[in-house]
Amino acid sequence: MTNSASEPLRIAVVGAGPAGLFLTDSLLKNTAHAVSIDVIERLPTPYGLVRYGVAPDHAKIKSVITTFHKTLEDPRVRFLGNVNFGTDLTIDDVRRHYDAVVFAVGAPHDRRLGIPGEDLPGSISATEFVAWYSGHPDHSEIVHLRPDAESAAVIGVGNVAVDVARILAKHVDELSVTDIPHAVLDRLAESKIRDVYIFGRRGPAQAKFTTKELRELGELTNADIVVDPKEIELDEASAAEVAGQQALQRNIDILRDFAKHTPAGKPRRLHLRFLASPVEIRGTTAVEALVVEKNRLDERGNAVGTGELETIPMQMVLRAVGYRGRALPGVPFDAKAHVIPNVLGRVVDENGAPVPGAYTTGWIKRGPSGVIGTNKACASETARELIQDVPRLPRAAEPDPASVDRLLESRGVRVTSWSDWLAIDHHEKALGGKHGRDRTKITDPSGLLEELASKA
Ligand code: NAP
């Protein structure tokens, strides 16, 4: 039976990360229309990058989960985990069962450097490394830390680079109080890392990290921060830029303090380098060295190579040069910008015409930038446009929630429900409690659910 205007609006939100959950929250708060929302997630667990991207030692940032928990617990919302959009549920299925769909799938891929040696073992994307130490189920079988590595380079000076460098620089005991899975802690305990390098291709005034994250690098108990005063000297244009921006000025002040720092002989060293671009990763069977070219800035603040090369022995290279969105089957995609083309969150086709009933929010809407909270305003905008469109929305032919359940069941999809997540949540908290931690993540939530079902 086609959904009528008096029935709650049936909405599919694809992606249970911060983008999808802020959007769900915005829709729940609208007073113009009753809604019934299915949050569809590829993984068995909710929370996306908050669970599998926010650094384990940044518990405060993760506390947004309390808000998201309330959103998912709302009786107007269902969590359908372990459902892959495109295979388990196609765009045609979504059109048949929902009045509107919002794509909030983030930007799961990494950007490439495009230099020789990038695919050598030991050269990995920060995306993979972060997923590994965060206990992402797709990475549980692979160890992303080379056990023999004494030196590692992190390419890029955004907050992801800072997270990765900090985790490499910390002693395992500092991390054992976090929610890091046991298997990951065991590998980190074997780490032989002595030197971690962070390379920015431009100067400190162009770096993307935020002040709080930068400051933390100088407070590490296990690593001395090393900054060459020459590399943080500002050219005229950068000095003018810094003078007009308080946040930038704070970063420069912190870096100047770092440059004055006398190493205290801590077990590890964290070298913060600027004006150096990676040009080659050398090695025969695995990473052995990184070659960087020294840069200067042109008048627009872009990096220009000077031809001066430096080769640094290295066993790991982590590329933290940004994320990239990927296309979803049957959904328009801008292959240059790696986003779903949209106007204020309304998905548009290749001619710029709105695709009825299709919306987007978060990184796949605007590109991979901004902190978690940035997604809130982004979601409000999309929700507002969707609600405005309600009178014109094509209504679903089969809006009954049970019809989606039947479809997924007929395809053999083992959907994880909200109560399944609560069981995983309970298990992880109990596991953490045994070691005096708030939580210990498990890397195989589906396996746990099977085990619990077999005992029931
Ligand atoms: P990002 O902030 O865009 O930083 C990417 C870095 O990679 C930039 O320094 C960029 O330099 C560099 N880069 C790009 N291409 C390069 C190349 N070919 N060679 C050398 N360097 C290159 O991206 P991100 O670190 O992935 O972070 C994504 C978003 O998540 C950001 O908004 C970030 O703030 C957020 N985040 C926040 C937190 C937190 O709040 N604690 C933690 C993690 C992530 P150029 O500037 O020269 O292009």
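Nothing here was measured: the structure is a model prediction, and the numbers come from that model. Starting afresh in each chain, residues are numbered from 1 along the sequence in its written order. pLDDT decides what is reported in this predicted model: residues at 70 or higher carry local features, side-chain atom pairs at 80 or more are listed and counted, and totals for whole chains, interfaces and linings draw on all residues regardless. Only hydrogens and water are set aside when side-chain values are computed; all heavy atoms of the structure are taken into account.

## Things to note about the overall build of the chain
Part 1: Strands here are runs of E lasting at least two residues and helices are runs of H or I lasting at least four, both read from the DSSP assignment and numbered beginning at the N terminus. Helices and strands together make up the secondary structure of the chain, namely 17 helices and 18 strands.
Part 2: Atoms counted for the radius of gyration: C-alpha only. Globule rule: 2.2 Å times the number of residues to the power 0.38. Radius of gyration (C-alpha) of the chain: 24 Å, near the 23 Å computed for a compact globule of 456 residues.
Part 3: Overall, the C-alpha framework of the chain stretches about 70 × 55 × 40 Å when taken along its three principal axes.
Part 4: Working definition: with a 1.4 Å probe on protein chains only, accessible area under 20% of the residue-type maximum means buried, over 50% means exposed, and in between means partly exposed. Here the chain holds 456 residues, and the buried ones make up 54% of them.

## Describing the layout of surface pockets
Part 1: Only protein atoms enter the 1 Å grid used here, on which a cavity is any set of points holding a 1.4 Å probe that cannot leave and a pocket is any open set flanked by protein within 12 Å on both sides along at least five of seven lines; residues with an atom within 4 Å of a point are listed as lining. Grid points are joined across faces, edges and corners, and a volume is the space filled by probe spheres set on the points. For the second largest pocket, the calculated volume is near 480 Å³.
Part 2: As for the second largest pocket, its lining consists of 18 residues, and the residues nearest its centre are Lys-62, Ile-65, Asp-179, Asp-438 and Arg-439.
Part 3: Taken together, the elements giving at least two residues each to the lining of the second largest pocket come down to α3 (59-62), α4 (65-73) and α16 (418-433).
Part 4: Boundary definitions for the domains trace back to an automatic or database domain assignment. If you count residues domain by domain, the lining of the second largest pocket takes at least three from each of domain 1 (9-108 + 325-416) and domain 2 (110-322).

## Re the pairing of strand β11 (residues 276-282)
Side chains on a regular strand alternate between the two faces of the sheet.
Part 1: Two strands make a pair as long as DSSP finds a minimum of two bridges between them. Note that β11 and strand β12 (residues 289-297) share 6 bridges and pair antiparallel. What sits directly across from Pro-278, in β12, is Val-292.
Part 2: With antiparallel pairing between neighbouring strands as the criterion, β11 and β12 make up a hairpin whose turn holds 6 residues.

## Focus on the site of the ligand
Part 1: Summary of the distance rule: residues count as near a molecule or strand when at least one heavy atom falls within 4 Å of that molecule or strand. Neighbouring the ligand are 23 residues; Val-157, Arg-201, Arg-202, Glu-213 and Gly-370 lie closest to it.
Part 2: For this analysis, a polar contact is any N or O atom pair within 3.5 Å, provided that within protein one partner can donate a hydrogen and the other can accept it, and provided that sequence-adjacent residues contribute only side-chain to side-chain pairs. Val-157 is positioned such that a nitrogen or oxygen atom in its backbone is 3.0 Å from an oxygen atom of the ligand.
Part 3: Val-160 is positioned with one of its backbone polar atoms (N or O) 3.1 Å from an oxygen atom of the ligand.
Part 4: For the area figures, the Shrake-Rupley method with a 1.4 Å probe applies, and any residue is considered shielded solely by the protein chains shown. When isolated, the ligand has an accessible area of 910 Å², and the protein chains bury 84% of it.
Part 5: A total of 3 residues in the shell around the ligand trace back to one element, the largest contributor, which is helix α7 (residues 159-169).
Part 6: Taken together, the residues of the shell around the ligand sort by class into 11 nonpolar, 6 polar and 6 charged.
Part 7: Looking at which domains feed residues into the shell around the ligand, each of domain 1 (9-108 + 325-416) and domain 2 (110-322) supplies at least three. Gly is put with the polar residues, along with every residue not named as nonpolar or charged; the nonpolar set is Ala, Val, Leu, Ile, Met, Phe, Trp, Tyr, Cys and Pro, and the charged set is Asp, Glu, Lys and Arg.

## Observations concerning the sheet that holds strand β9 (residues 223-226)
Part 1: Pairing is parallel across the open sheet formed by 6 strands, whose spatial order is β6-β14-β7-β8-β10-β9. Both outer strands of the open sheet, β6 (123-125) and β9, are each paired with one neighbouring strand and no more. Going across the sheet, the axis of each strand differs from the next one's by a mean of 20 degrees, ignoring polarity.
Part 2: Pairing between β6 and strand β14 (residues 316-319): 3 bridges, direction parallel. Pairing of Ser-125 across the sheet is with Arg-319, part of β14.
Part 3: Set on the sheet, helix α6 (residues 126-133) makes contact with β6 and β14; between it and β6 the angle comes to about 75 degrees. Between the N-to-C directions of two axes lies an angle of 0 to 180 degrees, each axis being a line fitted to C-alpha atoms and, for a helix, fitted only over the stretch in contact. Every residue pair with non-hydrogen atoms within 4.5 Å of one another is taken to be in contact.

## Some words on the sheet that holds strand β3 (residues 77-80)
Part 1: In spatial order, the strands read β3-β2-β1-β4-β18-β17-β16; together these 7 strands make up an open sheet with mixed pairing. At either end of the open sheet lies a strand with only one pairing partner, and these are β3 and β16 (342-343).
Part 2: In this sheet, strand β2 (residues 35-40) lies alongside strand β1 (residues 9-14) in parallel orientation, the contact comprising 6 bridges. From the neighbouring strand, Ala-12 faces β2, where its bridge partner is Asp-38.

## Comments concerning the nonpolar core
Part 1: Side-chain atoms within 4.5 Å are what join buried Ala, Val, Leu, Ile, Met, Phe, Trp, Tyr and Cys residues into a set we call a nonpolar core. If you look at the biggest cluster of nonpolar residues, it comprises 49 residues, and the most contacted ones within it are Phe-129, Leu-168, Leu-217 and Leu-272.
Part 2: Among the elements that take part in this core, α7 stands out by supplying 7 residues, more than any other.
Part 3: Beyond its immediate sequence surroundings of up to four residues, Leu-272 is in contact with Ile-198, Leu-214, Leu-217, Ile-225, Val-226, Val-227, Glu-231, Leu-255 and Phe-258.
Part 4: Val-13, Val-54, Phe-79 and Val-390 belong to the second largest nonpolar core, which has 37 residues in total.

## Overview of the domain arrangement of the chain
Part 1: According to the domain assignment, the chain consists of domain 1 (9-108 + 325-416) and domain 2 (110-322).
Part 2: With centres defined by C-alpha atoms, the gap from domain 1 to domain 2 works out at 33 Å.
Part 3: Listed by partner, the interface residues are 13 residues for domain 1 and 21 residues for domain 2.
Part 4: Across the interface of domain 1 and domain 2, roughly 1,200 Å² is buried in total on both sides, 54% from carbon and sulfur atoms.
Part 5: When the area that domain 1 buries against domain 2 is broken down by residue, the three leading residues are Tyr-52, Pro-56 and Asp-57, summing to 46%.
Part 6: Here, a salt bridge means any side-chain nitrogen of Lys or Arg that lies within 4 Å of a carboxyl oxygen of Asp or Glu. Taken together, domain 1 and domain 2 are joined by 4 salt bridges.
Part 7: With a shortest N-O distance of 2.8 Å, Asp-57 and Arg-166 are connected by a salt bridge.
Part 8: Linking domain 1 with domain 2 are 6 residue pairs in polar contact (both at pLDDT 80 or more).
Part 9: Counting only elements with at least two residues in the side of domain 1 that touches domain 2, the list comes to α2 (48-52) and α3.
Part 10: Classifying every residue of the side of domain 1 that touches domain 2 gives 7 nonpolar, 2 polar and 4 charged. When two parts are put together, the accessible area they lose, computed with a 1.4 Å probe and summed over both, is reported as buried area.

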